[in-house]
Amino acid sequence: MLKAIKRPFVMIGECFRMSLSNIWGSKVRSFLTVLGILIGVMAVITLITTVNGVTGSITDSFLSMGAGTLTVSVTGSDLKSGMTKADLEELAALEEVEGVTPTVSINNARVSRGGNYENRISVSGKNAYYFLSNEEVVQRGRALNFIDEDNMSYVCLIDEEMIEDFFFGVDPVGENLYINGIPFLVVGIFSADSTESIASIFLGSPSILIPYTTALKMNSANEVTSFTVYMAEGVTSEQASDAVEAAMDVMFSFEEDCFTITTMDAIENTMETMMGMMTTLLAGIASIALLVGGIGIMNMMLTTVTERTVEIGLKKALGARQWQIQLQFLIESFLLSLIGGLAGIGLGLLLSMILSNVMGTTFRISTDAILLGFGFSAAIGIIFGWAPARKASKLNPIDALRSM
Amino acid sequence: MDSVFFRMENINKFYHMGDEDMQVLKDVNLEIQEGEYLSVLGPSGSGKSTLMNIIGCLDTATSGQYILRDHVIEDMTESELADIRSQAVGFVFQNSQLLPRLDAVRNVELPLIYAGVSQRERTRRAREMLDRVGLADRMGHYPNQLSGGQQQRVAIARALVTNPGILLADEPTGALDQKTGKQIMQLFRELNEEGRSIIMITHDMNIAANAKRVVHIIDGVLTEGGGTADA
């Protein structure tokens, strides 16, 4: 007659029922207990989703603006500090290269007209090829051409912001604008768009475009230190990069470390590395938050075990085995933590959706983050519930019943 | 039914109280037949609750031999003791000790859960047992919706639902008024007539007199009392 009946599945279903009724029975306390887990998981979900969204948006715009281009920055050697006009023309003549557009920046220029002036305006020198390959940049008026380039003409294109600042109610085309005291003829209006160079992400978009030769003259320089190479059709970035490197090695007499060629692949890799580091960092922060949450759960479970001593004794008297008592408390802390985790996932997604709307980044639900939050909260329930459940199961039924 | 349900020989029980060992049970010898109805009568502190805990396998003796239906209890592991509690013994406590968040049926089902009985079978047996103790119309009530007597009936149903060899009752009428107490005693008598063994622990001579056999326990020493009310 006395054979041990061991059917855990009967127990497990019942444990879930009892646990839910216990958790529901002390709503306020359960809520406060899971708050730690909830906030922890919410933070993880929000951070990961938001970082993913931001990185995704940045990567997307990088890729769209940089398709088919290489960015070269020149540090130069003792003999040769940058690229001359002839050097650039030589590069542009390469089979793998469609064209080259130098960028010569005049930062913090003082721009004035009449009584108005603005400091710290970003002025950028471009060549004619830039306008040929980015025709949509010019909104009105004309682009800069080879004649402007060769003559180092004092002509410029300005953006909407400059119109607002200096040409309120006036058609700017044909008017003069003073850059560092020199009068420039406004020949056109341009709009910054996604075809801007990658550097503009970090340096800010220029408000005024002038011939790069003019910009060099204003900087009292003869050589270009930053330019974009447009690759010929059907050429991989590796082929183009190799060709440009070979040509530039000759120009710099094979001295080392004179220039850096950045391809989109490299930028993509960098972004991925950055994203990986971010995620690791966030995971670190998250584990601390979840650890704190877990301690909260453990504390609550230990209190519960003490409070329910009589119940535990009673259940033992009614034939509950140690593992059955342990399972019940384990399931209770597991459920408690999981409820917190699920609420955290929900709130986290909601919060990151709002954030992505506010910041204008893409909202991408990260399955990884959800699984992480889910898994973490479940694991924490079990890990931090283990000791209290063990304690409950080891309670001597006599001691437990004596407090009746 | 003349087979022996359990036999205790020279049972001693010591408790550590600070530096001293306190002897709670002294050379207790007791033998119960299947179907017997026994009262253990003694004042508080006499060791009667300890005796009940040892009979019910909640506690083990310090020395002596306790054999329950061919099982030598001293040799058993904690898990085997739980099996005995689950199947051979049914407890009824003074304050019924129902779980407040479960209704009557689910309270009665509790021991069956630990015995691994399926949901459908559990509910069937719990309802049957509640019907037997006269609570057919109180199945879905929660403990706080039941009177003291009704709560104790639920506790009795819970103790009997696994069909144990013996019902162990510790002051089952202690928290009840006289009239309700009498009804519970009537129920015990009926259950015994149906063939269930009952051991009832009490400090009240009048309650003890309901049993067919009474033993006295004073300062841990057990003596046969002999006097019975209705035998």
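S.K.: Kindly report on a nonpolar patch on the surface, identifying the contributing residues and their values.
M.R.: Residues and elements named next belong to chain A. On the surface, L347, L350, L351, M353, I354, L355, V358 and M359 cluster together to form a nonpolar patch covering roughly 710 Å² of accessible area. Take L351: it is sitting in helix 12 (residues 322–359). Accessibility expressed as a relative area gives 37% for L351, which makes it partly exposed.

S.K.: Describe the packing of aromatic side chains, naming the residues involved and giving the relevant values.
M.R.: Think of a pair of aromatic rings as described by two things: how far the centres are apart, and how the planes are tilted against each other in angle. Counting across every chain of the model gives seven aromatic pairs over all chains. Judged by centre distance (5.5 Å) and plane angle (70 degrees), the ring pair of Y129 of chain A and Y230 of chain A falls under edge-to-face. Of this pair, Y129 of chain A sits in helix 4 (residues 128–133) while Y230 of chain A sits in strand 10 (residues 226–231), and the two are 101 residues apart along the sequence. Owing to a relative accessible area of 17%, Y129 of chain A belongs among the buried residues under this scheme. Of the residues examined, Y230 of chain A reaches a relative accessible area of 14% and is grouped as buried. Seen in terms of ring centroids, Y154 of chain A and F184 of chain A are 5.2 Å apart; in terms of plane orientation they differ by 85 degrees. Their pairing is edge-to-face. You can see Y154 of chain A sitting in the loop between helix 5 (146–151) and strand 6 (155–158) and its partner F184 of chain A sitting in strand 8 (residues 182–190), a full 30 residues away along the chain. Classification of Y154 of chain A by relative accessible area gives partly exposed; the value is 32%. One aromatic cluster is present, formed by F5, F6 and Y66 of chain B through successive ring pairs. When the ring centre of F252 of chain A is taken as reference, the NZ or CZ atom of K80 of chain A above it lies at 5.5 Å.

S.K.: Kindly report on the sheet that holds strand 2 (residues 20–33) of chain B, identifying the contributing residues and their values.
M.R.: Residues and elements named next belong to chain B. Ordered in space as 2-1-4-5, the four strands form an open sheet in which the pairing is antiparallel. Either end of the sheet is taken by a strand with one partner, and the two such strands are strand 2 and strand 5 (71–72). Looking at chain direction, strand 4 (residues 63–68) and strand 5 are connected through two bridges and run antiparallel. Its bridge partner being in strand 5, I67 is matched across the sheet by V72.

S.K.: Please provide a residue-by-residue account of the interface of chain A and chain B, values included.
M.R.: Each partner contributes to the interface: chain A provides 33 residues, whereas chain B provides 31 residues. Where chain A meets chain B, there are three salt bridges. Residue R106 of chain B is joined to E14 of chain A by a salt bridge in which the shortest nitrogen-to-oxygen separation is 2.7 Å. Among the elements of the structure, helix 1 (8–25), helix 11 (309–317), helix 12 and helix 14 (397–402) of chain A are those that each provide at least two residues to the side of chain A that touches chain B. If you tally residues by element for the side of chain A that touches chain B, the top one is helix 1 of chain A, at eight residues. For the side of chain A that touches chain B, the class distribution of residues is 16 nonpolar, eight polar and nine charged.

S.K.: Which residues make up helix 12 of chain A, and what values go with them?
M.R.: Spanning 38 residues, helix 12 of chain A covers 54 Å between terminal C-alpha atoms, matching the ideal 56 Å at 1.5 Å per step. One or two residues past the end of helix 12 of chain A sits G360 of chain A, with phi positive at roughly 70 degrees.

S.K.: I'd love a proper account of the sheet that holds strand 8 (residues 197–202) of chain B, names of residues and values included.
M.R.: Residue and element names in this part refer to chain B. Across the sheet, six strands lie side by side as 6-7-8-3-9-10; this open sheet has mixed pairing. Of all the strands in the sheet, just strand 6 (89–92) and strand 10 (221–224) have a single pairing partner and so form its edges. Between one strand axis and the next, the sheet turns through 20 degrees on average, direction left out of account. The sheet contacts of helix 5 (residues 148–160) involve strand 6 and strand 7 (166–170), and relative to strand 6 the element is tilted by about 170 degrees. Along the sheet, helix 6 (residues 178–193) contacts strand 3 (37–41), strand 7 and strand 8; its crossing angle with strand 8, the most-contacted strand, is approximately 150 degrees.

S.K.: Please give an account of the environment of G346 of chain A that cites residues and values.
M.R.: By the secondary structure assignment, G346 of chain A is in helix 12. Its relative accessible area of 38% is what places G346 of chain A among the partly exposed residues.

S.K.: I'd like a description of the pairing of strand 9 (residues 213–218) of chain B, backed by residues and values.
M.R.: Residue and element names in this part refer to chain B. Pairing of strand 3 with strand 9, which is carried by four bridges, proceeds in the parallel orientation. Bridge pairing in strand 9 places L38 opposite R213. Pairing of strand 9 with strand 10, which is carried by four bridges, proceeds in the antiparallel orientation. Across the sheet, the residue bridging to V215 is E224, located in strand 10. In this structure, the hairpin formed by strand 9 and strand 10 is closed by a connection of two residues, where D219 is found at a positive phi of approximately 50 degrees.

S.K.: Describe the nonpolar core, naming the residues involved and giving the relevant values.
M.R.: The biggest cluster of nonpolar side chains holds 78 residues, and the ones touching the most others in it are F6 and Y66 of chain B. Here this core gets eight residues from one element, more than from any other, and that element is helix 12 of chain A. Excluding residues within four positions of it along the chain, F6 of chain B makes contact with L30, E31, I32, I55, Y66, I67, L68, I166 and I199 of chain B. Core analysis: the next-biggest nonpolar cluster, separate from the first, contains 46 residues, L70, I208, I210 and I261 of chain A among them.

S.K.: Can you lay out the packing of helix 12 of chain A against helix 13 (residues 367–394) of chain A for me, pointing to particular residues and giving the numbers?
M.R.: Residue and element names in this part refer to chain A. One way to put it is that helix 12 packs onto helix 13 with a least axis distance of 7 Å and a crossing angle of 155 degrees. It follows from the interaxial angle that helix 12 and helix 13 lie roughly antiparallel. The handedness of the crossing between helix 12 and helix 13 comes out as right-handed. Of the residues that constitute the contact of helix 12 with helix 13, the class distribution is 16 nonpolar, ten polar and two charged.

S.K.: How would you sum up the pattern of salt bridges? Please name residues and give values.
M.R.: Pairing between side chains of opposite charge can happen when the charged atoms of each approach one another. A full pass over the atoms with the stated rule returns 26 salt bridges over all chains. The partner of R122 of chain B in a salt bridge is E14 of chain A, and the shortest N-O contact between them spans 2.7 Å. You can see R122 of chain B sitting in helix 4 (residues 119–132) and its partner E14 of chain A sitting in helix 1, one on each of two chains. As far as the burial class goes, R122 of chain B and E14 of chain A line up, both buried. Across the pair R124 of chain B and E128 of chain B runs a salt bridge whose closest N-O atoms are separated by 2.9 Å. With R124 of chain B and E128 of chain B both in helix 4 and four residues apart, the pair spans about one turn of that helix. The exposure class assigned to E128 of chain B is partly exposed, which follows from its relative accessible area of 47%. When salt bridges that share partners are traced, they join E14 of chain A together with R106, E109 and R122 of chain B into one network.

Definitions and cut-offs
- Residues numbered from 1 in each chain as written.
- Chains lettered and ligands numbered in written order.
- Predicted model: local features only at pLDDT ≥ 70, side-chain atom pairs only at ≥ 80, totals over all residues.
- Heavy atoms only, no water.
- Patch = residues over 30% accessible without salt bridge, like charges linked within 9 Å, V, L, I, M, F, W, Y side chains within 5 Å.
- Areas by Shrake-Rupley, 256 points an atom, 1.4 Å probe, with all protein chains shown as cover.
- Salt bridge = Lys/Arg side-chain N within 4 Å of Asp/Glu carboxyl O.
- Helix = DSSP H or I, 4+ residues; strand = E, 2+ residues; numbered from the N terminus.
- Buried < 20%, exposed > 50% of the residue type's maximum accessible area, 1.4 Å probe, protein only.
- Phe/Tyr/Trp six-rings, centres within 6.5 Å; stacked < 30°, edge-to-face > 60°.
- Lys NZ or Arg CZ within 6 Å of the ring centre and 35° of its normal.
- Pairing = 2+ DSSP bridges.
- Contact = heavy atoms within 4.5 Å.
- Nonpolar A, V, L, I, M, F, W, Y, C, P; charged D, E, K, R; others polar.
- Expected span 1.5 Å × (residues − 1).
- Axes fitted to C-alpha atoms, helices over the stretch in contact; angles between N-to-C directions.
- Core = buried A, V, L, I, M, F, W, Y, C linked by side-chain atoms within 4.5 Å.
- Parallel < 35°, antiparallel > 145°, perpendicular 65-115°, else oblique.
- Left-handed = near helix turned anticlockwise from the far one by under 90°.

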